[in-house]
Amino acid sequence: MRRQGQRNCHYNRKLRPPAHALRGNMTKAEASLWKYVLRARNMKGYLFRRQRPVLQYIADFMCPELRLVIEIDGISHETEEDQERDRRRDRDLSLAGYRVMRIPNEDVLRRLDEVRSRIADVVEEIEESTPGHAGPRGHPRRRGTRAAAIRSEERRVGKECRM
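Now for a look at the structure at hand.

Conventions adopted
Residues numbered from 1 in each chain as written. Predicted model: local features only at pLDDT ≥ 70, side-chain atom pairs only at ≥ 80, totals over all residues. Heavy atoms only, no water. Helix = DSSP H or I, 4+ residues; strand = E, 2+ residues; numbered from the N terminus. Contact = heavy atoms within 4.5 Å. Pairing = 2+ DSSP bridges. Axes fitted to C-alpha atoms, helices over the stretch in contact; angles between N-to-C directions. Polar contact = N/O pair within 3.5 Å; in protein donor to acceptor, adjacent residues only side chain to side chain. Salt bridge = Lys/Arg side-chain N within 4 Å of Asp/Glu carboxyl O. Buried < 20%, exposed > 50% of the residue type's maximum accessible area, 1.4 Å probe, protein only. Core = buried A, V, L, I, M, F, W, Y, C linked by side-chain atoms within 4.5 Å. Left-handed = near helix turned anticlockwise from the far one by under 90°. Nonpolar A, V, L, I, M, F, W, Y, C, P; charged D, E, K, R; others polar.

1. Observations regarding the side chain of glutamine 51
- With respect to the secondary-structure elements, glutamine 51 resides in strand β1 (residues 49-54).
- Apart from the residues within four sequence positions on either side, glutamine 51 is in contact with Ala19, Leu22, Arg23, Met26, Glu30, Ile58, Ala59 and Asp60.

2. Considerations on the sheet that holds β1
- Within the open sheet, the 4 strands sit side by side as β1-β2-β3-β4. Their pairing is mixed. With one partner strand each, in any of the chains shown, β1 and β4 (99-104) form the two edges of the open sheet. Strand-to-strand twist across the sheet, computed as the mean angle between neighbouring axes with direction ignored, equals 45 degrees.
- Sheet topology note: the β1/strand β2 (residues 57-63) ladder contains 5 bridges and is antiparallel.

3. Some remarks on the environment of glutamine 56
- With respect to the element layout, glutamine 56 can be found in the loop between β1 and β2.
- Spatially, the C-alpha atom of glutamine 56 lies 9.7 Å from that of leucine 93, the residues being 37 residues apart in sequence.
- When near neighbours in sequence (up to four residues on either side) are disregarded, glutamine 56 contacts Asn12, Leu15 and Asp92.
- At a separation of 3.3 Å, a polar atom in the side chain of glutamine 56 contacts the side chain of tyrosine 57.

4. Overview of the pattern of salt bridges
- Within the structure shown, the criterion is met by 15 salt bridges.
- Glutamate 81 is the salt-bridge partner of arginine 85, the closest N and O atoms lying 4.0 Å from each other. Taken together, the positions of arginine 85 and glutamate 81, both in helix α4 (residues 80-95) and 4 residues apart, correspond to about one turn of that helix.
- Judged by relative accessible area, which is 40%, arginine 85 ranks as partly exposed.
- In this structure, the salt-bridge partner of arginine 102 is aspartate 90, at a minimum N-O distance of 3.0 Å. With a gap of 12 residues between them, arginine 102 in strand β4 and aspartate 90 in helix α4 connect regions that are remote in the sequence.

5. Things to note about the nonpolar core
- Counting 25 residues, the largest nonpolar core has Leu33, Leu38, Phe48, Leu68, Ile70 and Ile119 as its most contacted members.
- Elements that contribute at least two residues to this core include exactly α3 (28-38), β2, β3 (68-73), β4 and α6 (112-129).
- Ranked by the residues each element gives to this core, the list is headed by α6, at 7 residues.
- Tyr57, Ala59, Val69 and Tyr98 belong to the second-largest nonpolar core, a separate cluster that totals 9 residues.

6. Concerning the packing of α3 against α6
- Their axes nearest at 11 Å, the elements α3 and α6 cross at an angle of 65 degrees. Of the two elements, α3 crosses α6, and the hand of that crossing is right-handed. Residues Ser32, Leu33, Tyr36 and Val37 of α3 pack against Leu112, Val115, Arg116 and Ile119 of α6.
- Residue composition of the contact of α3 with α6, by class: 6 nonpolar, 1 polar and 1 charged.

Here it is, written out as structure tokens:
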């Protein structure tokens, strides 16, 4: 049986209030990546969460299904002390089963298409390295509801009747 932390992707409930505050105060790079790349299952149909509490950290972006964490590094990650903290964080997340991807602010702001491509490559790499991975679960464009199928059929029949 899986432990509670594994089932819920190591969600840390205690960090919920600061994570919620960070969602409303995203940097320009984070907002751009969210809006144009990760939001609404835009990245190959996978659900990404922003400012997600994981272990004792708040990940900028996280995909629970892929166990992928994406961190956007700005000016606050330039000192040796901050870089050591980042290495410790990456190690802890890796030990918990996450793959951590770090992307500099400047790359997101100046080369968004390249960043999108790099993330897509990592997603494909994870898909290929995970045995039995069938792709994104419940992707809205890949699954239909019975009601939607009935409406579609009604529209098709309705057009035939008018001809």
